[in-house]
Amino acid sequence: MTEQIYKGLAGVVADHTAVSKVNPESNSLLYRGYPVQELAAALSFEEVALLLWNGELPSSAEKQEFLDFERSHRALDPRVRSAIDLLPLDCHPMDVGRTAVSVLGANHPLSEDSSPEAELTKAKELFAVFPAVVAYDQRRRRGLELVEPRQDLDYSQNFLWMTFGEEAPEEVVDAFRVSMVLYAEHSFNASTFTARVVTSTLADLHSAVTAAIGALKGPLHGGANEAVMHTFEEIGIDPAETREDAAARAKAWMEQALAEKRKVMGFGHRVYKSGDSRVPTMKQALDAMVEYYGRGELMGLYDGLESAMGEAKNILPNLDYPAGPTYHLMGFDTEMFTPLFIAARITGWTAHIAEQRANNALIRPLSAYNGPDERHL
Ligand code: SDX
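Here's what I pulled together on the structure shown here. (Residues numbered from 1 in each chain as written. Predicted model: local features only at pLDDT ≥ 70, side-chain atom pairs only at ≥ 80, totals over all residues. Heavy atoms only, no water.)

## A short note on the site of the ligand
Part 1: Neighbouring the ligand are 23 residues, the closest being His186, Val264, Gly266, His269 and Arg278.
Part 2: At 2.8 Å from an oxygen atom of the ligand is found a side-chain nitrogen or oxygen belonging to His221.
Part 3: Within the backbone of Phe267, one N or O atom sits 2.7 Å away from a nitrogen atom of the ligand.
Part 4: Looking at the shell around the ligand residue by residue, the classes come out as 8 nonpolar, 7 polar and 8 charged. (Near = heavy atom within 4 Å. Polar contact = N/O pair within 3.5 Å; in protein donor to acceptor, adjacent residues only side chain to side chain. Nonpolar A, V, L, I, M, F, W, Y, C, P; charged D, E, K, R; others polar.)

## Considering the pairing of strand E1 (residues 20–23)
Part 1: Sheet topology note: the E1/strand E2 (residues 28–31) ladder contains 4 bridges and is antiparallel. Within the sheet, the bridge partner assigned to Asn23 lies in E2 and is Ser28.
Part 2: Where E1 folds back onto E2 in an antiparallel hairpin, the turn is made up of 4 residues, including Asn27, whose phi is positive at roughly 50°. (Pairing = 2+ DSSP bridges. Helix = DSSP H or I, 4+ residues; strand = E, 2+ residues; numbered from the N terminus.)

## Quick notes on the environment of Leu258
Part 1: With respect to the helices and strands, the residue Leu258 is situated in helix H12 (residues 243–259).
Part 2: Residue Leu258 is classed as buried on the basis of its relative accessible area, which comes to 17%.
Part 3: Expressed as a C-alpha distance, the spacing of Leu258 and Lys313, which sit 55 residues apart in the sequence, is 8.9 Å.
Part 4: Ignoring any residue separated from it by four or fewer positions in sequence, one finds Leu258 in contact with Val264, Met309, Ala312 and Lys313. (Buried < 20%, exposed > 50% of the residue type's maximum accessible area, 1.4 Å probe, protein only. Contact = heavy atoms within 4.5 Å.)

## Comments concerning the pattern of salt bridges
Part 1: Evaluation of the coordinates by the stated rule reveals 22 salt bridges.
Part 2: For Lys217, the salt bridge identified is with Asp95, shortest N-O distance 2.8 Å. Of this pair, Lys217 sits in helix H10 (residues 205–217) while Asp95 sits in helix H5 (residues 93–106), placing them 122 residues apart in sequence.
Part 3: Judged by relative accessible area, which is 32%, Lys217 ranks as partly exposed.
Part 4: By relative accessible area, which is 16% here, Asp95 ends up buried.
Part 5: In this structure, Arg278 engages Asp276 in a salt bridge whose closest nitrogen and oxygen atoms are separated by 2.8 Å. This pair shows no difference in class: Arg278 is buried, exactly as Asp276 is. (Salt bridge = Lys/Arg side-chain N within 4 Å of Asp/Glu carboxyl O.)

## Describing the packing of helix H8 (residues 170–183) against helix H16 (residues 337–358)
Part 1: Look at H8 against H16: their axes get within 8 Å of each other, and the N-to-C directions meet at 65°. Where H8 crosses over H16, the two elements pack in a sense that is right-handed. Seen from H8, the contacting residues are Phe176, Met180 and Tyr183; seen from H16, they are Leu340, Phe341, Ala343, Ala344 and Arg345. (Axes fitted to C-alpha atoms, helices over the stretch in contact; angles between N-to-C directions. Left-handed = near helix turned anticlockwise from the far one by under 90°.)

Right, here's the structure in full:
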C-alpha cells in the first residue's frame, strides 16, 4: 500500500483554532477576528496580548489590572540571572532565551498546575519578564550592567529602556510596538505547532514554550530576521553610499545568489504565495526608522534585493525581511533579533497552549516505513 505523504505537513489542516486566521487568498491576518493592521494602528502590545489570551478586547478595568500586573513582574529573578551568567557570551542568544524559560519553569510554584487560571498567570508572567532576559543578555554581551525595569514606562518603552539604558524616542517606541503586534501570532506556524505538540502530551506550559523557542531558532522560521541582516552585512553596509548605488549592488548580489541556487532568508512563505499580510505595516515602521536615523542607503539594499528576487522568481518578502533592518537601526545586535520575536510570540504560543489544553488530543501522526524489509540476526 502506498500512503499519501504530506511532506512538511504542507496543506494539512491539523485542527481548529479561534486564535487567528491567516488568509492567503486575501493576504489578510485576523487576531480573534480583528485585522492585524487595525490592531497595530491603534492598540498597545499589552492590549493585543489580552485580546489573544481572552478572545475579546479588554475593558478599561481589565486593561488596568493587567498593566499593574505586568509592571510588577518585570524584574529578572536572581536565579534566572545566575543561570544566564553561566552561559558563554558567544552562545546564541536564542540559547539564553530557551534556558531562561526552562529555569523559570523549574522554579515556578505552579509549574505542574495546568488549570486555565494557573496557565494564564504563567503566560502573563512570561510576557512580563522576557524583555528583561533579552535586555540583560544584550547588555552583558556589550560588557554593560543590568538596567532595572521602570514602572512608569509601558512595555515597549521599558523594553528599550532596559536594553539601552536610555529612554527611546517616540518614533522608535512606536516602530518597536508595531513589530511586537505583528510578530505576536500566526496560526499553526512551526513553533506554535511545536508548543501544541508538547502541550498535547499534557506536559507543562514552560516545557511547551521552551520547545517552541527551539523551533523558532532555525533560519527557515524565526531565525530569518537575523539572517536577513547577515545578508545585508555580506553585501556590505556603507552609510555614506547613495540609495541607488546600494540598490545596484544588492541587485547584483541577489542575481549571483540565485544563480548559485542559494536560499535567501526573509523571502517566501509556506502559506502566503502572493505576499505576507504583515509586510506593508512593518515596511512602514522600517521607513519611519530609516527616516528617523537618516539611513536611506539601507532602503537601497532593501529595494535592490526585493526587486531582484521578484523579477527572477516572483518570491515576495515575509515579515522578517523588514523587521531585521528595523531592529538593526534601533541598535540591537543582529543575534538579538530572534529573541525579540520570542518576546512577541509568547502571546500567541500561550494562547494556543490554552486552546490545545481545553480540547486536547495527543498529536501523533503516522509514518510510512521505507527502511529494509524484515530481516533476522
Ligand atoms: C516565518 O509559518 C509561518 O507562519 C511562519 C511565520 C510566523 O509568523 O510564524 O510567518 C514566520 O517563519 C517566516 C518565514 C521565514 N523564513 C525565511 O525567510 C526562510 C527563507 N524562505 C524559505 O526557505 C521558504 O520560503 C519557506 C521555508 C519560508 C517556505 O518554504 P516552502 O513552502 O517549504 O517552499 P519551498 O522551500 O519548497 O520553496 C518552493 C520554491 C523552491 O523552488 P523550486 O525548487 O520549486 O524551484 O521556492 C523557492 C524554493 O527554492 N524558494 C526560495 C525561497 N523561498 C522559496 N528560493 C530562494 N530563496 C527563498 N527564500
